[in-house]
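# Structure assessment
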Amino acid sequence: LPVLAVDIGGTKIAVAEVTGDRIAKRWQAPTPRTGRGDDLIAAIAELAPKNGFGAVAVATTGIVRDGALTALNPETLPIEDGYPIASAIERAFGMPPLVVNDAQAAAWAEFRLGAGRGFRNFAFFTVSTGIGCGLVVDGRLESGSTGLAGHVGHAMSDPGGIPCGCGRRGCLETVASGTALARVGSQRLGRKVAAPDLFKAAAEGNGVAAEIITAAVVALANAFADLTAAVDVDCFAVGGGVGLADGFIEALQARSLDLPRVYRRPIVAALAGADAGLLGAAFLARQYL
Ligand code: BMX
Ligand code: ZN
């Protein structure tokens, strides 16, 4: 039987039927940003077929610990602290799901059959509403004892920077996420822009837009180097709406060439693209449920 896979992001929810290594069917809707976990479940129930599945797998933005979901950055996804997502999904679909952080799930999919295949240490980054990261070390997916492993979007990027929703200041996510690009872009261009508008403006020759994107690229390249120093990452794969925007990965690669050789590692696009979280959650469900 296929796996019902769900990916809850800060901007959209995707639901898919996963058969073997493939997505057979896929549905998508905007994430209800109401601050209530029950509204997420209702949105998922509306998208997904109710039966015909062998397992349910959920990848979600936020910290997942013992089947409960907490936002590290409530600006990326507003939700009650410790929302019991596993039991809510079980009530809606009649079976206990596997629940995992979205970037951790995507890292696992890329490691198993995508850009991370064959490496010993591998990192996946999603540059999206927030910045997520999943780490595979010595061939094992790291989640940590509290689910926090890989939350490199909250590594220090700018000590004098703005407060982050996580409670620190100047996190990578406040500099280089889609949310950050939209905020800084709107300020500096003097009109409301979303991240895609900023990329369009840069492509059309707007120097301010290009400068903002470069600052994000520099911050990410430095975070990659820090992580390489910490766990000797063999390869980085990048996904997410901003990460997969035209020219973004090329800019990261170019920037990494400015680093001392010891920190330079391959940077590639996530092969499963936007579906890596769905596939990774489905694989983990088959492995562990
Ligand atoms: C945030 C954090 C991570 C997540 C990352 C990418 C929350 C709600 N989320 O750093 O858990 O992996 O964003 O999330 O604190 P996305 O919504 O951009 O995919
Ligand atoms: Zn933070």
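So, here is what we can say about the structure in this document. (Residues numbered from 1 in each chain as written. Chains lettered and ligands numbered in written order. Predicted model: local features only at pLDDT ≥ 70, side-chain atom pairs only at ≥ 80, totals over all residues. Heavy atoms only, no water.)

### Examining the nonpolar core
Counting 35 residues, the largest nonpolar core has Phe125, Leu220, Leu227, Phe248 and Leu252 as the members making the most contacts within it. Breaking this core down by element, the ones donating at least two residues are β8 (122–127), β9 (131–137), α6 (195–203), α7 (207–231), β11 (235–239) and α8 (248–256). With 11 residues, the top contributor of residues to this core is α7. Once residues within four sequence positions are removed from consideration, leucine 220 is found in contact with Phe125, Val127, Leu172, Ala176, Phe248 and Leu252. (Core = buried A, V, L, I, M, F, W, Y, C linked by side-chain atoms within 4.5 Å. Buried < 20%, exposed > 50% of the residue type's maximum accessible area, 1.4 Å probe, protein only. Helix = DSSP H or I, 4+ residues; strand = E, 2+ residues; numbered from the N terminus. Contact = heavy atoms within 4.5 Å.)

### A few points about the site of ligand 1
Taken together, 19 residues form the shell around ligand 1, and within it Asn73, Asp102, Gly130, His151 and Glu173 come nearest. Within the contact set of ligand 1, an oxygen atom lies 2.7 Å away from a backbone nitrogen or oxygen of asparagine 73. The fraction of the free accessible surface of ligand 1 (450 Å²) that becomes covered by protein chains is 97%. (Near = heavy atom within 4 Å. Polar contact = N/O pair within 3.5 Å; in protein donor to acceptor, adjacent residues only side chain to side chain. Areas by Shrake-Rupley, 256 points an atom, 1.4 Å probe, with all protein chains shown as cover.)

### Quick word on the sheet that holds strand β12 (residues 267–269)
Taken in spatial order, the 5 strands line up as β10-β9-β8-β11-β12 in an open sheet, and their pairing is mixed. Two strands close off the open sheet at either side, each with one partner strand: β10 (140–141) and β12. Pairing analysis gives 2 bridges linking β9 to β10, with the strands arranged antiparallel. Paired with valine 137 across the bridge in β10 is arginine 140. Contacting β8, β9 and β10, helix α3 (residues 102–113) runs over the sheet at an angle of about 45 degrees to β9. (Pairing = 2+ DSSP bridges. Axes fitted to C-alpha atoms, helices over the stretch in contact; angles between N-to-C directions.)

### Points about helix α5 (residues 178–189)
An ideal rise of 1.5 Å per residue puts 16 Å on 12 residues; α5 measures up with 16 Å between its terminal C-alpha atoms. Within the sequence span of α5, burial applies to Gly178, Ala180, Leu181, Ala182, Gly185 and Ser186. Those residues of α5 that are buried lie in contact with α4 (173–176), α6 and α7. Once α5 ends, the next one or two residues include glycine 190, with phi positive near 75 degrees. (Expected span 1.5 Å × (residues − 1).)

### Focus on the coordination of the zinc ion (ligand 2)
The zinc ion (ligand 2) binds to the protein through His154 (ND1), Cys164 (SG), Cys166 (SG) and Cys171 (SG); the donor distances cover 2.1 to 2.3 Å. For the zinc ion (ligand 2), the 4 donor atoms are set out with angles of 103 to 119 degrees between them, so the coordination reads as tetrahedral. Within one chain, the residues donating to the zinc ion (ligand 2) are spaced in sequence as H-x9-C-x1-C-x4-C. Judged by its relative accessible area of 7%, cysteine 164 is buried. (Donors = N, O, S within 2.8 Å, 3.2 Å for Na, K, Ca; no water. Tetrahedral: all angles 85-135°; square planar, octahedral: opposite > 155°, others 65-115°.)

Structural measurements only, silent on function.
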